[in-house]
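One-letter residues, chain by chain:
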Number of protein chains: 2
Amino acid sequence: MKTNDPEILFAQACKGDRVSLARMISLIERGTDEGDEIAKLTFTASSHSYTVGITGAPGAGKSTLTSALVEVIRKNGQDVAVIAIDPSSPFSGGAILGDRVRMQDHALDSGVYIRSMATRGHLGGLAVAVPEASRALGAVGFGNVIIETVGVGQVEVEIAEEADTTVVVVNPGWGDAVQANKAGLMEIADVFVINKADRPGVRETRRDLEMMLDMTALKGHRPSIIETVAHEKKGITQTYAAIAEHRSFATSSGLAASRRAARLEKELSRILQAIIAKHVAQSLATERFSKVRSDMTRGLIDPRSAARIIVENQ
Amino acid sequence: MKTNDPEILFAQACKGDRVSLARMISLIERGTDEGDEIAKLTFTASSHSYTVGITGAPGAGKSTLTSALVEVIRKNGQDVAVIAIDPSSPFSGGAILGDRVRMQDHALDSGVYIRSMATRGHLGGLAVAVPEASRALGAVGFGNVIIETVGVGQVEVEIAEEADTTVVVVNPGWGDAVQANKAGLMEIADVFVINKADRPGVRETRRDLEMMLDMTALKGHRPSIIETVAHEKKGITQTYAAIAEHRSFATSSGLAASRRAARLEKELSRILQAIIAKHVAQSLATERFSKVRSDMTRGLIDPRSAARIIVENQ
């Protein structure tokens, strides 16, 4: 029997029921009332997960690295959940899950939970849904949550940045480190991984990264630079060690706690904005403002003036 | 003598004064009151630009293609402005303008205007600032505006998508077309460019694109697929012809007009949300809600419940 009851789902998920866990995350993702309730319920639950964000340009090998990291974490006897961010196509609203296929190595392992998330109507978008899902995973017992993004868009960078430890994946070759810098990744990295390090250009990429790190305002911890060949599982234990080392630094220095507080503040702002955006959309959908809107699309009035009229007549 | 007076700047920019034009765009970018005024002033001005969005993964060669297209447009005797979207680094707030150096070929040409834009405090962000800047360029006489994005983030894809004609740049090689699909680019492309077509894999990439187009809900016009080697200026006139062909279709079919109307509706929503978000931020910055915020960061209350308390006490 299917239930959407938040308390029942949560209780069952805590006992290891994956169907209930999957439904919890779906309800959060879709931004339903039950999803909101689950987000509240799992916030106050004692257990919290440690989140690792993995980001980098498309094709850098993030999925392969994530899969290899999952294996190392499991060998260390820990459970791990993976949230793979698949931003929706702007038109179809569908998420493309091709990379997930690679993760099927772990499909039968009960200590691993893998989940794609896309924007499905959650009002605050992924930037709110992901931390909510991540806390829900912590509350049902996953001590580690890896958040892997597909691209380096603003939203994805924000999500990866807001993890406890952020791993930025680049590839060897001229310009890749520069592109990472452009995308704003230099300042959010706690650990750098040069993946596909069997290709030429590793030394130059490392040098570029070191040089850009020298020029960057660091957050009290200079990121390690690890070389990996993820599809051959080379350099993965070193990557794990670098993450563990940053985790230890972040926890003991208070950085983890202050980042968590800052994240909650951002989440609050996003939720507030989402609530208000919903109000605006509802208001716009009524007949009341159809005249000002048609004046605007006919070029008689500019959008700012139209907005002012609507705000003043709310 | 420096002035920020919108009417004076606009009048001077119409006479060809580039300093005044640059200041107009800066005021829009920074979201100042004068910027808002300029946006209103140039909305009702009769002239509007035709916008071409150019997007694709970092490193695909968008800047080089843009520069080569500018040359072709100039040879056809038309003026052209380029807005290069440099999203701010999430920490430093700075835009990195490396690629702009390549555009210096056109620095002395009075029929070309090149401008980087970043998020600098404009409340609606780039998604509002770019169309405002683009209309301002149209109002001072630029019939063509190319909007070139750096990456394929959500905001950048949205901006490119909202051009009159959207060009998506991919490179040959296994997986690039698939990545484009993932990033949601398949459905927004009016023209595909396979740049760096002197490299192996062009045929496979073209086949992948054709296959994905076969599976995609088209907007009434199947995108052309053009092969270019932008740094050798190969395939550029063909790219220009494909853009012109789409332009002609969009104009005659009414697609251009309906897209413009839809864009204005989106812009209105964004401006409304920005106005309200500002209100929320101001409200949060007061002492009134410091208790609920500290309860939240101490883990006593979840962000959704905190948001509800704040909304109910506005």
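Everything quoted here is computed from the prediction, not taken from an experiment.

Criteria and cut-off values
- Sequence order as written defines residue numbering, which begins from 1 separately in each chain.
- Chains and ligands are labelled by the order in which they are written, letters from A for the one and numbers from 1 for the other.
- Reporting in this predicted model follows two pLDDT cut-offs: at least 70 for local features of residues, and 80 or more for side-chain atom pairs to be given and counted; totals over whole chains, interfaces and linings ignore these cut-offs and use all residues.
- Put simply, DSSP marks the helices as runs of H or I at least four residues long and the strands as runs of E at least two long, and each gets a number from the N terminus on.
- To sort residues by burial, count the other C-beta atoms lying within 10 Å of each one's C-beta; a count of 20 or more means buried, 12 or fewer means exposed, and anything in between means partly exposed. C-beta atoms are built from the backbone.
- We call two residues in contact whenever the C-beta atoms placed from their backbones are within 7 Å.
- Two strands make a pair as long as DSSP finds a minimum of two bridges between them.
- The axes are straight lines fitted to the C-alpha atoms, using for helices just the contacting stretch, and the angles between their N-to-C directions are given from 0 to 180°.
- The predictor rates its confidence in each residue with pLDDT, a number between 0 and 100.
- Should an angle lie under 35 degrees it is considered roughly parallel, over 145 roughly antiparallel, and from 65 to 115 roughly perpendicular; all remaining angles are considered oblique.
- Note on convention: the crossing is left-handed when the near helix lies turned anticlockwise from the far helix by less than a right angle, right-handed when the turn is clockwise.
- Under the grouping applied here, Gly and all other residues not named as nonpolar or charged are polar, the nonpolar ones being Ala, Val, Leu, Ile, Met, Phe, Trp, Tyr, Cys and Pro and the charged ones Asp, Glu, Lys and Arg.
- Residue count minus one, scaled by 1.5 Å, sets the expected span of a helix.
- This arc corresponds to the set of directions leading from the helix axis out to the C-beta atoms.

1. As for the overall build of chain A
Looking only at helices and strands, one finds twelve helices and seven strands in chain A. Looking at the 314 residues of chain A, the share that counts as buried comes to 51%. At a minimum sequence separation of 6, the contacts of chain A that also span at least 24 residues come to 74%.

2. A look at the sheet that holds strand 4 (residues 144-149) of chain B
Backbone hydrogen bonds are what pair the strands of a sheet, in a parallel or an antiparallel way. Residues and elements named next belong to chain B. An order of 3-2-4-1-5-6-7 is seen for the seven strands of this open sheet, with the pairing classed as parallel. For this open sheet the edge positions go to strand 3 (112-117) and strand 7 (224-227), each flanked by a neighbour on one side alone. Sheet twist, expressed as the average angle between the axes of neighbouring strands with direction ignored, equals 20°. Relative to strand 4, strand 2 (residues 80-85) runs parallel, the two being bridged by five bridges. Within strand 4, the residue paired with Ile83 across the bridge is Ile147. In the packing of helix 8 (residues 202-215) onto the sheet, contacts are made with strand 5 (165-170), strand 6 (191-194) and strand 7, and the angle to strand 6 comes to roughly 160°.

3. A look at the confidence of the model for chain A
Parts of the model with low pLDDT should not have their predicted coordinates read in detail. Residue and element names in this part refer to chain A. When the pLDDT values of chain A are averaged, the result is 85; 87% of them are 70 or greater. Taken element by element, the predicted model of chain A shows its lowest mean pLDDT in helix 7 (residues 176-182) (70) and its highest in strand 7 (residues 224-227) (97). Considering only residues more than four positions removed or in separate chains, one finds that residues 88-102, a stretch of pLDDT under 50, has 33 contacts. Model confidence for the complex is summarised by a pTM of 0.67, with the ipTM given as 0.81.

4. Side note on the packing of helix 2 (residues 18-30) of chain A against helix 5 (residues 126-139) of chain A
Residue and element names in this part refer to chain A. Viewed as axis vectors pointing N to C, helix 2 and helix 5 meet at an angle of 160°, and their least axial separation amounts to 9 Å. Compared by their axis directions, helix 2 and helix 5 come out roughly antiparallel. In this structure, the crossing between helix 2 and helix 5 has a hand that is right-handed. Of the residues in helix 5, those touching helix 2 at Met24, Ile25, Ile28 and Glu29 are Ala129, Glu132, Ala133 and Ala136. Looking at the contact of helix 2 with helix 5 residue by residue, the classes come out as six nonpolar, no polar and two charged.

5. Brief notes about helix 5 (residues 126-139) of chain B
Residues and elements named next belong to chain B. With 14 residues, helix 5 should reach 20 Å at 1.5 Å per residue; the first-to-last C-alpha distance of 19 Å fits that figure. Burial runs high along helix 5: 14 of the 14 residues are buried. Count one or two residues on from helix 5 and you reach Gly141, which has phi positive near 125°.

6. A short note on unusual backbone geometry
All names here are of chain A. With phi around 60°, Lys196 is a residue other than glycine that occupies positive phi space. Checked against the element boundaries, Lys196 lands in the loop between strand 6 (191-194) and helix 8 (202-215). Its 23 C-beta neighbours within 10 Å are what place Lys196 among the buried residues.

7. Some words on helix 9 (residues 236-253) of chain B
Residue and element names in this part refer to chain B. Its 18 residues place the ends of helix 9 26 Å apart at the C-alpha level, agreeing with the 26 Å of an ideal helix rising 1.5 Å per residue. Turning to helix 9, its buried residues number three or more, namely Ile236, Thr239, Tyr240, Ala242, Ile243, His246 and Ala250. Buried residues of helix 9 fall within an arc of 160° about the axis and therefore sit on the same side. Residues Ser248 and Ser252 are exposed on helix 9 and point more than 90 degrees away from its buried face. Summarising the contacts, the buried residues of helix 9 are in contact with strand 1 (50-56), helix 4 (62-75), strand 5, strand 6, strand 7 and helix 10 (255-284). Immediately downstream of helix 9, the backbone of Gly254 shows phi near 90°, a positive value.

8. Details of the sheet that holds strand 3 (residues 112-117) of chain A
Residue and element names in this part refer to chain A. With respect to topology, seven strands assemble into an open sheet ordered 3-2-4-1-5-6-7, the strand pairing being parallel. Each of the sheet's edge strands pairs with one partner strand only, and the pair in question is strand 3 and strand 7. Geometrically, the sheet is characterised by an average inter-axis angle of 20° between neighbouring strands, direction not taken into account. Bridging between strand 2 (residues 80-85) and strand 3 involves six bridges; their strand directions are parallel. Bridged to Ala84 within strand 3 is Ser116. Sitting on the sheet, helix 4 (residues 62-75) is in contact with strand 1 (50-56), strand 2, strand 3, strand 4 (144-149), strand 5 (165-170) and strand 6, with an inclination near 170° to strand 4.

9. Some words on the environment of Ser20 of chain B
All names here are of chain B. Within the secondary structure layout, Ser20 lies in helix 2 (residues 18-30). Measuring from C-alpha to C-alpha, the distance between Ser20 and Thr3 comes to 8.6 Å, with 17 residues separating the pair along the chain. Non-local contacts of Ser20, meaning those with residues more than four positions away in its chain, are made with Leu9, Gln12 and Ala13.

10. Let's talk about the environment of Val19 of chain B
Along the chain, Val19 of chain B turns up in helix 2. Along the chain, Val19 of chain B and Leu9 of chain B lie ten residues apart, while their C-alpha atoms are 8.8 Å from each other.

11. Some remarks on the pairing of strand 5 of chain A
All names here are of chain A. With six of six residues buried, strand 5 lies mostly within the body of the structure. Pairing of strand 5 with strand 6 involves four bridges; the strand directions are parallel. The residue bridging Val169 from the neighbouring strand is Val193, located in strand 6.

12. What to know about the environment of Val145 of chain B
Residues and elements named next belong to chain B. Within the secondary structure layout, Val145 lies in strand 4. On the neighbour-count criterion, Val145 (28 C-beta atoms within 10 Å) is buried. Sequence-distant contacts of Val145, defined by excluding residues within four places in its chain, comprise Ser49, Thr51, Ala81, Ile83, Ser134, Leu137 and Gly138.

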